[in-house]
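Read off the chains here:
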Amino acid sequence: VDPVMQPATFLLAVLGRLPVLLGGQWTTTPPELYSYLPSMSVAVLWSLLALAVVLIPLILLPLLRANRRIRFWLAGMYAAALPVCATIPMSRALLFVAVGAFGLIAECIGVSRSLSEIPRIGSHRRRLLGLLILGLFMVHFLWAIVARGCVPKVTWKAQRQFNKTLSIGLFHRLSADQDLVVINAPNPAAYHYDPFWAAHHGNALPGGIRVLTPGYGPMEIIRTGPRRLVIRSISQSLFDCQAGRRSSPVFFYRALSDMRGEGRPFTAGSRIDLPRLTIEILSVNQRGLPTEVAFEFEAILEARTLRWLWWNWNRGHFVVFRPPAIGRSICLAGPF
């Protein structure tokens, strides 16, 4: 989101992302969960983290009044989170937010021994402050040590899952006169840099890479002619994730690959011309996302110049796709 060109959209992004970023810093909850969880779980997570973002400064209010350095660190921490609301919430975006948090927690630990000297603070409030400071110390020191030991394993598993969605290795048997056609890519953004990886490793590149749809949900594929396929979404749209109640990488892939933006909706009847392929938007939903799209190839679908793949969610890897006969259709399942 561009804060200058899209101020209203940016304010909405701040409302949705700021609690996740700041709450993630306070509690060490990974902000990436914002993109990994289904919508209902995201709402619960947002509510809990927003509560932490508001309540913790309120509990610290006596210290904020008495110590200007704590005020400085808190202001820096909260202000540093605003610019990174323009992009997807991720832990690596908390670099400057963490600087303020570290200074604030260190100052709180430093004054924890002299809480009784702070004026106009009762014994119950002192006890609550002491528990909060102890909790912050436990989370950001002791728990952080344990979590740091687990991070490499978690990262390795996430990277392994991510690598399965890449097309590296699929170029080995392709020649320059062939097009790689992917029916449903679960991670469409990967195809922006796969050719560079292939070239770096000395693999031959195809004549073109044609990703027909994201693999976010179930779809029906109908062959209406020798060179024509129509793909229809069985869920909300071809660009929406299938509704689910558990976390899944598909939600992260959706956020990672959302490069068009709500300000550029599709319209029914519009056409996109590519070399050897014409795409026509047949229908869209109320948000301007395509629900049915036709693909007209230059060659018949069985031609050797077309190499077909589809992502099998049950197996977790790409499988060779065989176009159905004219007038027939097949359905591909989504991630749930």
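### A closer look at helix H9 (residues 249-256)
Okay, so step 1: Inspection of H9 places Val250, Phe251, Phe252, Tyr253 and Arg254 among the buried residues, and these make up the whole buried set.
Okay, so step 2: At its buried positions, H9 is contacted by helix H2 (33-36) and helix H7 (123-164).

### Focus: the pairing of strand S2 (residues 208-214)
Okay, so step 1: Within S2, five of the seven residues are buried, which leaves it mostly tucked inside the rest of the structure.
Okay, so step 2: Each parallel crossover has a hand, and for strand S1 (residues 179-185) linked through helix H8 (residues 194-200) to S2 it is right-handed.

### What about the packing of helix H1 (residues 7-27) against helix H3 (residues 39-59)?
Okay, so step 1: Running from N to C, H1 and H3 cross one another at 70°; their axes reach a closest spacing of 8 Å. With respect to their mutual orientation, H1 and H3 come out roughly perpendicular. Along this stretch, H1 crosses H3, giving a crossing that reads as left-handed. Contacts between H1 and H3 involve Leu15, Gly16, Pro19, Val20, Leu22, Gly23, Gly24, Trp26 and Thr27 on the former and, on the latter, Trp46, Leu49, Ala50, Ala52, Val53 and Ile56.
Okay, so step 2: Its residues placed into classes, the contact of H1 with H3 shows 11 nonpolar, four polar and no charged.

### As for the packing of aromatic side chains
Okay, so step 1: According to the stated counting rule, one finds eight aromatic pairs in the structure shown.
Okay, so step 2: Relative to Trp73, the ring of Phe72 has its centre 5.1 Å away and its plane inclined at 65°; by these criteria the two rings are edge-to-face.
Okay, so step 3: Residue Phe72 is classed as exposed on the basis of its relative accessible area, which comes to 56%.
Okay, so step 4: Summarising the aromatic geometry, the rings of Phe239 and Phe266 are spaced 5.5 Å apart at their centres and angled 90° between planes, so their arrangement reads as edge-to-face. Placement of Phe239 in the loop between strand S4 (228-233) and H9 and of Phe266 in the loop between H9 and strand S5 (271-274) is noted, with a sequence separation of 27 residues between them.
Okay, so step 5: The exposure class of Phe266 is buried, given its relative accessible area of 12%.
Okay, so step 6: Each residue in the set Phe297, Trp308 and Phe321 is aromatic and connected to the rest through ring pairs, giving one cluster.

Conventions adopted
- Residues numbered from 1 in each chain as written.
- Predicted model: local features only at pLDDT ≥ 70, side-chain atom pairs only at ≥ 80, totals over all residues.
- Heavy atoms only, no water.
- Buried < 20%, exposed > 50% of the residue type's maximum accessible area, 1.4 Å probe, protein only.
- Helix = DSSP H or I, 4+ residues; strand = E, 2+ residues; numbered from the N terminus.
- Contact = heavy atoms within 4.5 Å.
- Right-handed = clockwise from strand over helix to strand, strands pointing away.
- Axes fitted to C-alpha atoms, helices over the stretch in contact; angles between N-to-C directions.
- Parallel < 35°, antiparallel > 145°, perpendicular 65-115°, else oblique.
- Left-handed = near helix turned anticlockwise from the far one by under 90°.
- Nonpolar A, V, L, I, M, F, W, Y, C, P; charged D, E, K, R; others polar.
- Phe/Tyr/Trp six-rings, centres within 6.5 Å; stacked < 30°, edge-to-face > 60°.

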